[in-house]
Amino acid sequence: MRDSIFNTMNNEELKKYEAILLDLQDALSKEIKDVIRGGADMGEMGNRDEEADATEESGIAHAEQIALKGRLHAVLDALERVKAGTYGACVKCGGAVGADVLAAAPDSVYCLSCK
Ligand SMILES: [Zn+2]
């Protein structure tokens, strides 16, 4: 009973991971805002030109922003799977992703053997 394939965790565990994912969602959203806002003035501290070229795009900040948005998307997906009751199941083999993997990356969708 404990290792049924599609129901890899009980409600209590799901709630715990949901809270972790919501925290992560929050943190990532903030980080994305920071990158968008702070991208232009990362190099020069103490030089506060009011009309700095804020519109000039920093390539690094842009790449970081894309990476963060990708991560945020994965977290939102994971939250959808929590609601659907499929969270914690590997999307490839249907087995349990495993607590170790989820602890390291709560938005993981693959178990260790499918990674
Ligand atoms: Zn798998």
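Note that the structure is a prediction, hence the values are computed from the model and not measured.

1. As for the overall build of the protein
(1) Moving on: The helix and strand tally for the protein stands at three helices and zero strands.
(2) Moving on: Along the protein, helices (α) and strands (β) appear in the sequence α-α-α when read from the amino end.
(3) Moving on: In the protein, which comprises 115 residues, the proportion classed as buried is 17%.
(4) Moving on: Residue pairs at least 24 apart in sequence account for 58% of intrachain contacts in the protein once pairs closer than 6 positions are excluded.

2. A closer look at helix α2 (residues 59-84)
(1) Moving on: When the terminal C-alpha atoms of α2 are compared, their 38 Å separation across 26 residues agrees well with the 38 Å that a helix rising 1.5 Å per residue should span.
(2) Moving on: Those residues of α2 lying buried are L68, V75, A78 and V82.
(3) Moving on: Considering only its buried residues, α2 is in contact with α1 (11-38).

3. Overview of the nonpolar core
(1) Moving on: Of all hydrophobic cores here, the largest spans 15 residues; its most connected members are Y17, L21, A78, V82, C90 and V97.
(2) Moving on: Dropping the residues within four chain positions of it, V97 is found in contact with G88, A89, C90, L102, S108, Y110 and C111.

4. A short note on the packing of α1 against α2
(1) Moving on: Direction vectors running N to C along α1 and α2 enclose 160°, while the axes themselves pass 9 Å from each other. As far as their axial angle goes, α2 and α1 are roughly antiparallel. Like other packed secondary-structure pairs, α1 and α2 cross with a definite hand, here left-handed. Side by side, α1 and α2 meet where L14, Y17, E18, L21, L24, Q25, L28, S29, E31, I32, V35 and I36 of the first sit next to A61, E64, Q65, L68, K69, R71, L72, V75, L76, A78, L79 and V82 of the second.
(2) Moving on: Residue classes in the contact of α1 with α2 are distributed as 16 nonpolar, three polar and five charged.

5. Describing the environment of K83
(1) Moving on: Its place among the elements puts K83 in helix α2.
(2) Moving on: For K83, a count of 10 C-beta atoms within 10 Å puts it in the exposed group.
(3) Moving on: Residues K83 and E18, 65 residues apart in the sequence, show an inter-C-alpha distance of 9.0 Å.

6. Thoughts on α1
(1) Moving on: The end-to-end C-alpha separation of α1 is 40 Å, in line with the 40 Å expected for 28 residues at 1.5 Å each.
(2) Moving on: Residues Y17, L21, L28 and V35 constitute the buried set of α1.
(3) Moving on: Of the surrounding elements, those touching the buried residues of α1 are α2 and α3 (99-104).

7. Let's talk about the environment of V101
(1) Moving on: By the element assignment, V101 lies in helix α3.
(2) Moving on: Put simply, V101 and G88 are 13 residues apart on the chain and 9.6 Å apart in space, counted from C-alpha to C-alpha.
(3) Moving on: V101 has contacts with S108, C111 and L112, leaving out every residue within four places of it along the chain.

8. Details of the confidence of the model for the protein
(1) Moving on: Taken residue by residue, the protein gives an average pLDDT of 83. The fraction at 70 or more is 76%.
(2) Moving on: Low confidence marks residues 1-5, where pLDDT is under 50. Its contacts with residues over four positions away, or in another chain, come to three contacts.

Definitions and limits used
Residues numbered from 1 in each chain as written. Predicted model: local features only at pLDDT ≥ 70, side-chain atom pairs only at ≥ 80, totals over all residues. Helix = DSSP H or I, 4+ residues; strand = E, 2+ residues; numbered from the N terminus. Buried ≥ 20, exposed ≤ 12 C-beta atoms within 10 Å, placed from the backbone. Contact = placed C-beta atoms within 7 Å. Expected span 1.5 Å × (residues − 1). Core = buried A, V, L, I, M, F, W, Y, C linked by C-beta atoms within 7 Å. Axes fitted to C-alpha atoms, helices over the stretch in contact; angles between N-to-C directions. Parallel < 35°, antiparallel > 145°, perpendicular 65-115°, else oblique. Left-handed = near helix turned anticlockwise from the far one by under 90°. Nonpolar A, V, L, I, M, F, W, Y, C, P; charged D, E, K, R; others polar. pLDDT = per-residue confidence, 0-100.

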